[in-house]
Every structure is written in structure tokens, then in C-alpha cells.
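# Per-entry structural report
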2 protein chains.
Amino acid sequence: MFLESEEEEEEEEEIPPLMAVEAIEYPRGGGGGSGGELLVPPPNFAMVDKGIYRSGFPNPANFGFLETLNLRSIVYLCPEPYPEENAEFLRSHGIRLLQFGIEGNKEPFASIPKAAIIGALKILLDLRNHPILIHCNRGKHRTGCLVACLRKLQSWCLTSVFEEYRRFAADKSRLSDMRFIEMFDVSCISQCVLGLIYRYNGCGPQSRRLIYKEKSA
Amino acid sequence: MFLESEEEEEEEEEIPPLMAVEAIEYPRGGGGGSGGELLVPPPNFAMVDKGIYRSGFPNPANFGFLETLNLRSIVYLCPEPYPEENAEFLRSHGIRLLQFGIEGNKEPFASIPKAAIIGALKILLDLRNHPILIHCNRGKHRTGCLVACLRKLQSWCLTSVFEEYRRFAADKSRLSDMRFIEMFDVSCISQCVLGLIYRYNGCGPQSRRLIYKEKSA
């Protein structure tokens, strides 16, 4: 139905440049209710920003969906080894695994390690790693904290950052996470990336580039 | 800090084409905790897909944030007239308002009108309207149903469609909405767009194009 390559141009006064996209077939014959294969996103899946996705732990049922994202990298926020089935999926698709082993936070005894979040943020900010998927186990706490720190870097007010955190964590929201998010000083990012240039594709339709330079450099 | 135009190229073996983005200053001097103005996204704001956003009703406090999205269109799903302040914001930014007046659904007496959802879906699928924001009052029910129908068109399994619906509606989730979503036959879209070509920028990094053609045409 929608894999036709034939075109019938509609008469329109103004056709902006966005129309000049390349015709690419929709993967898996999906959509349209025409009997195409159903896609199964991982739990708690969402698009964070252009080129950045988040979710809970993907299992083999999600691999078909993940293929449609054309991922270049995965940021994995748990300390446990990556399951062989998942590792094989990554190898066969040329996806790079970047692991930041953050222990599951059993409050009030532990809190999110700042260094891991900073390391993961650097990865997120580098367009060369996009499209990128962030995931932990449930896509609630570790992933939620990382995305929240990204939002702070995007100048979101704390109320909105918390609203988004809670949307994914729901009744598992943790005060210790929210305290970590509130206290996280995004200016430290600039102090950690001396000599590196981070290109960041911000929220919105146009590519943007943030260039971080050490102030004292 | 990050508005520097000076570049220090890091030595890297492989620089994919994504690096070739244009240098655009980050709006509002945001991020980095450098004292930039905070951005206030509308309630229940999220990115649905590349070029498609969703939220609750934006108020003037959100206009600064909305500016960063460079919206071309807004799909407004309530029957009430658009507030003058918001209409003025749209006029001054060249944003087109597309209204589909769906009554607030007080179950079990009313349900989402299929024709309005189909009309709004057609707008969403047309790249010429992107970047586009969908909103109703709370960004839960009307917006949730529209996004859910889009997900069905993207071949998401119903479990994942409902998971996303519930993430935004939370304790206000409605069985009547979920029934509507389940029953919505996305193949009807193809039957409604005879003679029109819809270009759709699917989930993922690459622009895709769906071309809908009436089967019987």
C-alpha cells in the first residue's frame, strides 16, 4: 500500500525543502494495518531528543524494533555483563556498547555516582555516537537521572525535569534520585571536557552545535 | 562557554557525516549552568518522533521554550477558541494553527470522533507541517489517542501503544480511549487520502517516506 514508488504530486503553493527527503521504504512493511509485522519497542521506550532514545532493558523480542532506529551506540548503565544474545545483536549491527556500571540504587544507602553520569553525558553530547539508546534495567532510575541531567544542560527548569523523571519512574520515583538531579551542577561538564569539542543536536528541527571550552584554558 | 566559534578538532579515526552539521548557537545561552535563562516546557511535553512533539496546553511561560522548537504548525485538539495570547504568539512566529475540535471525553457517554483523528493524522504525516506540536488541555486523552493511532500506523504492538498512553494519562487513563485506540483501523488512513501523497519522517535517524495510494484507484 505505502511502499509504492509511484508519485502523484499534489498541487501546493509552497513546498518547503523538507519535501526533498529521499524515498526510503518503511521497514518491515509496517503500519497501515495491512498485516505487516508488529514492532515491539523495549519497555519504557521514548525518544529523548533527535538521535537520542531511552528505554528499559531490551530483549530479543525488541530487536526488530531496534533495527528501525539504526543505532550507532548504546549507553548501558548497569554493572552486570551484557547478555550474550544482546551482545551478538550489537556485533551483527555494528552498534558500539558503552557501559557505565551504576549499581541499582537502594536508597538511602547509595546514590548515583556523578562521574558515571558525566562520562555518559559526554557520550550523549557527541553526535558521532548518534543515534544512541540509553538503557538500564527498567529505564526508570539510572536512565531517568542521566536524561534529567541532559535536560538541565538543555536549560529545562527543575519542575519540568522532575515531571519527566516521574513520568517514567511513576510510583518508583526516588527522592535520592531527585536530590542527585537537583544538586548536579552541569557546569562541571565544561570542566571535564577540556580540549574536546562536543557537538550537540539539540531539541528542535535544526542541528545545533555546542562547543565546550575550558574557561581557564 | 559553549557559544565559542573557535574549534579544536580532536583527532579521530572516523568522522561520520553527522559531524557536518552547521554551527548554530544554542538558544537563550542555555545549558551549562552558566546562568542562562531557564526554559519551561509545557506540561506533559515530550518528543513523539523526529519533528513531532506533544504536550498539554502551553501558556505564555512556555513560549520561550516553544521558540526553541522552531514550530511550523500546531495541531490543537479542543473545540474552544484559541486564547488571544497564544494566537498572537503563533502569528508572530509564523506558526499555523490546525484545530480539530474534539470534546473532552466524559466517559462512558462520549468517545473520540474517528474523523477528527484521521484528519489530524493526515496533518502529522505531512512533512510540510513539521516541526509540529500536538496539544489538547492536559496532553493526556485527546493527544494520547492521536499519538496512539500514529504508533499503530508505525506498527507498534498494542501493549507498547498502551504503555505510552498510560505514561502520560497516568491515573487518568480511560478505558474508552483504550477501546478507541484498539478499534482504530489504520488502514482507513489509506482510504482517506486518495490522490494525496504523505511524506512521513519515521522514528529513526533517516527520513522515510510513506506513499499512500488508494488500493482501488
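Residues numbered from 1 in each chain as written. Chains lettered and ligands numbered in written order. Predicted model: local features only at pLDDT ≥ 70, side-chain atom pairs only at ≥ 80, totals over all residues.

## Describing the overall build of chain A
Which entries qualify depends on this criterion: In this text, helices come from DSSP runs of H or I with a minimum length of four residues, and strands from runs of E with a minimum of two, each type numbered from the N-terminal end. The burial label depends on the number of other C-beta atoms within 10 Å of a residue's C-beta. Counts of 20 or more mean buried, 12 or fewer mean exposed, and intermediate counts mean partly exposed, with C-beta atoms placed from the backbone. A pair of residues counts as a contact when their C-beta atoms, built from backbone coordinates, are separated by no more than 7 Å.
Within chain A, the regular secondary structure consists of 7 helices and 5 strands. Listed by position from the N terminus, the elements making up chain A come as β-β-α-β-α-β-α-β-α-α-α-α. By the burial criterion, 47% of the 217 residues in chain A qualify as buried. Counted over contacts in chain A with a minimum sequence separation of 6, partners at least 24 positions apart contribute 62%.

## Some thoughts on the packing of helix 5 (residues 158-169) of chain A against helix 6 (residues 175-183) of chain A
Residues and elements named next belong to chain A. Note the threshold: To get an axis, a line is fitted to the C-alpha atoms, and for a helix only the part in contact is used. The angle between two axes follows their N-to-C directions and goes from 0 to 180 degrees. By definition, turning the near helix anticlockwise from the far helix through less than a right angle yields a left-handed crossing, and turning it clockwise yields a right-handed one.
Closest axis-to-axis distance for the helix 5/helix 6 pair is 11 Å, and the angle between their directions is 145 degrees. Considering the relative orientation of helix 5 and helix 6, their crossing is right-handed. Of the residues in helix 6, those in contact with L158, V161, F162 and Y165 of helix 5 are D177, M178, I181 and E182.

## A word on the pairing of strand 3 (residues 73-76) of chain A
Side chains on a regular strand alternate between the two faces of the sheet. All names here are of chain A. Quick note on the threshold: Only strands that DSSP links by at least two bridges are regarded as paired with each other.
Both faces of strand 3 are covered, namely the face carrying S73 and V75 and the face carrying I74 and Y76. Sheet topology note: the strand 3/strand 4 (residues 96-99) ladder contains 4 bridges and is parallel. Counted as the bridge partner of V75 is L98 from strand 4. Pairing analysis gives 4 bridges linking strand 3 to strand 5 (residues 132-135), with the strands arranged parallel. From the neighbouring strand, Y76 faces strand 5, where its bridge partner is H135.

## Description of helix 6 (residues 175-183) of chain B
Residue and element names in this part refer to chain B. Definition in use: Of all possible arcs, the one meant is that of the directions from the helix axis to the C-beta atoms.
Those residues of helix 6 that fall on the buried side of the exposure criterion are D177, F180 and I181. The buried residues of helix 6 all sit within an arc of 100 degrees when viewed along its axis, so they share a single face. Relative to its buried face, helix 6 has exposed residues pointing more than 90 degrees away, namely L175, E182 and M183. Among the structural elements, helix 4 (142-153) and helix 5 (158-169) are those in contact with the buried residues of helix 6.

## Things to note about the nonpolar core
This is how the line gets drawn: To form a nonpolar core, buried Ala, Val, Leu, Ile, Met, Phe, Trp, Tyr and Cys residues must be joined through C-beta atoms within 7 Å.
Residues C149 of chain A together with V75 and C149 of chain B are the most contacted members of the largest nonpolar core, which totals 93 residues. Excluding residues within four positions of it along the chain, C149 of chain A makes contact with I117, L121, I181, F184 and V186 of chain A.

## Remarks on the packing of helix 3 (residues 114-125) of chain A against helix 4 (residues 142-153) of chain A
Residue and element names in this part refer to chain A. Between helix 3 and helix 4, whose axes approach to 10 Å, the crossing angle comes to 65 degrees. Two packed elements cross with a definite hand, and for helix 3 against helix 4 that hand is right-handed. Within the contact between the two elements, helix 3 uses I117, A120, L121 and L124 and helix 4 uses C145, L146, C149 and L150.

## Observations concerning the confidence of the model for chain A
Residues and elements named next belong to chain A. Rules: Here pLDDT means the predictor's own confidence in every residue, given as a number from 0 to 100.
In this model, chain A carries an average pLDDT of 78, and 68% of its residues clear a pLDDT of 70 or more. With pLDDT under 50 throughout, residues 1-34 is counted as low confidence; its partners more than four residues away or in other chains account for 76 contacts. The low-confidence segment residues 194-217 (pLDDT under 50) makes 76 contacts with residues lying over four places distant or belonging to another chain. This prediction of the complex comes with two scores: 0.78 for pTM and 0.78 for ipTM.

## Remarks on unusual backbone geometry
All names here are of chain A. Put simply, H130 and P131 share a cis peptide bond, and its omega is -5 degrees. With respect to the helices and strands, the residue P131 is situated in the loop between helix 3 and strand 5. Positive phi outside glycine occurs at N44, with the angle close to 55 degrees. With respect to the helices and strands, the residue N44 is situated in the segment before strand 1 (46-49). By the C-beta count within 10 Å, which is 24 here, N44 ends up buried.

## Examining the environment of K140 of chain A
All names here are of chain A. Mapping K140 onto the fold places it in the loop between strand 5 and helix 4. Along the backbone, K140 and M183 are 43 residues apart, and their C-alpha atoms lie at a distance of 19 Å. Apart from residues no more than four positions distant in its own chain, K140 is found in contact with N44, F168, A169 and K172.

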